[in-house]
Amino acid sequence: MRAKLDDRDLKILSILQHEGRIPKATLAERVNLTPTPCWERLKRLEDAGIIESYGARISLRALGPISVIFVEIELQSHQAEDFARFEKAIADIPEVVECWAVGGGIDYMLKVMTRDLESYQKLIENLLAAKIGVNRYYSYVVTMPVKDTPLPVGIIAEPG
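The shown structure was predicted, so the numbers you read here are calculated from the model rather than taken from an experiment.

### Observations concerning the overall build of the protein
Across its full length, the protein holds seven helices and four strands. Ordered by position in the sequence, the α and β elements of the protein form the string α-α-α-α-β-α-β-β-α-β-α. What you see for the protein is a C-alpha radius of gyration of 20 Å, clearly larger than the 15 Å of a compact globule of 160 residues, by over 25%. Dimensions of the protein, computed from C-alpha atoms along their principal axes, come out at roughly 60 × 40 × 25 Å. Relative to its full complement of 160 residues, the protein shows a buried share of 29%. When the 20 basic and 23 acidic side-chain charges of the protein are each reduced to a single mean position, those positions are 5 Å apart.

### Structural notes on the sheet that holds strand β4 (residues 134–141)
Read across the sheet, four strands follow the order β2-β3-β1-β4 without closing on themselves; strand pairing throughout is antiparallel. Two strands bound the open sheet, and with one partner strand each, they are β2 (96–101) and β4. Each strand of the sheet is rotated relative to its neighbour by a mean of 20°, with strand direction disregarded. Where strand β1 (residues 67–75) lies against β4, seven bridges are found, and the strand directions are antiparallel. What sits directly across from Ile73, in β4, is Tyr137. Sheet strands touched by helix α5 (residues 80–91): β1, β2, β3 (108–114) and β4. Its angle to β3, the strand with the most contacts, is close to 15°. Packed onto the sheet, helix α6 (residues 117–129) meets β1, β3 and β4 and runs at close to 170° relative to β4.

### Section: the nonpolar core
Counting 17 residues, the largest nonpolar core has Val71, Ile73, Phe86, Ile90, Leu110, Val112 and Leu127 as its most contacted members. Within the residue set of this core, elements represented by two or more residues are β1, α5, β3 and α6. Aside from chain neighbours lying at most four places away, what touches Phe86 is Ile73, Leu75, Cys99, Tyr108, Leu110, Ile132 and Val134.

### As for unusual backbone geometry
Even without a glycine there, the phi angle at Asn32 is positive, about 60°. Here Asn32 lies in the loop between α2 (24–30) and α3 (35–47). Positive phi, normally seen in glycine, also occurs at Lys131, with a value near 55°. Mapped onto the elements of the fold, Lys131 is located in the loop between α6 and β4. Exposure remark for Lys131: the relative accessible area of 68% places this residue in the exposed category.

### What to know about α5
Between the first and last C-alpha of α5 there are 17 Å, a value that for 12 residues agrees with the 16 Å anticipated at 1.5 Å per step. Taken together, the buried positions of α5 are occupied by Asp82, Phe86 and Ile90. Summarising the axial view, the buried residues of α5 lie within an arc of 60°, below the 170-degree limit, and thus occupy one face. Opposite the packed face of α5, turned more than 90 degrees from it, sit the exposed residues Ala80, Glu81, Lys88 and Ala91. Buried residues in α5 make contact with β1, β2, β3, α6 and β4.

### Examining a nonpolar patch on the surface
On the surface, Ile58, Leu60, Leu63 and Ile66 cluster together into a nonpolar patch covering about 380 Å² of accessible area. Within the fold, Leu63 resides in helix α4 (residues 60–63).

What counts, and at which threshold
Residues numbered from 1 in each chain as written. Predicted model: local features only at pLDDT ≥ 70, side-chain atom pairs only at ≥ 80, totals over all residues. Heavy atoms only, no water. Helix = DSSP H or I, 4+ residues; strand = E, 2+ residues; numbered from the N terminus. Rg over C-alpha atoms; globule rule 2.2 N^0.38 Å. Buried < 20%, exposed > 50% of the residue type's maximum accessible area, 1.4 Å probe, protein only. Lys, Arg positive; Asp, Glu negative; His and termini not counted. Charge placed at Lys NZ, Arg CZ, Asp CG, Glu CD. Pairing = 2+ DSSP bridges. Axes fitted to C-alpha atoms, helices over the stretch in contact; angles between N-to-C directions. Contact = heavy atoms within 4.5 Å. Core = buried A, V, L, I, M, F, W, Y, C linked by side-chain atoms within 4.5 Å. Expected span 1.5 Å × (residues − 1). Arc of directions from axis to C-beta. Patch = residues over 30% accessible without salt bridge, like charges linked within 9 Å, V, L, I, M, F, W, Y side chains within 5 Å. Areas by Shrake-Rupley, 256 points an atom, 1.4 Å probe, with all protein chains shown as cover. Salt bridge = Lys/Arg side-chain N within 4 Å of Asp/Glu carboxyl O.

Any functional reading would require information that these geometric values do not contain.
In structure tokens form, the structure reads like this:
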């Protein structure tokens, strides 16, 4: 069931994605509400699971060198237990920061972050040695980030 969101809800979500630590009074002012109704809307969005959590965007460059690699994975077999085995194994690998089941010629798309390409190669060798059904994989090394923005809630959400 889709949540009913109005323009103010969408504006709250958009602001919070860019400014997660904004004071509640400032947020209320920016969406043209008094603090109490704004707080009630915020609480409703949290309770409905629309706001899952709050966090910080970390500058990867500030932490040192990092390699980002997108990986296409094709499994050997396509039974439910094969998918479950692969997904369980991937969930325990911290370098795999995103994993998406996809349709088309491959089964999964992974976003992997490692310190360097040597670390990535070791991760792939361990993945293959784990015998979790990987038939084929293709690696795409990110050479430069071009765009990384928050979810465009105002475009994809249907106002209630």
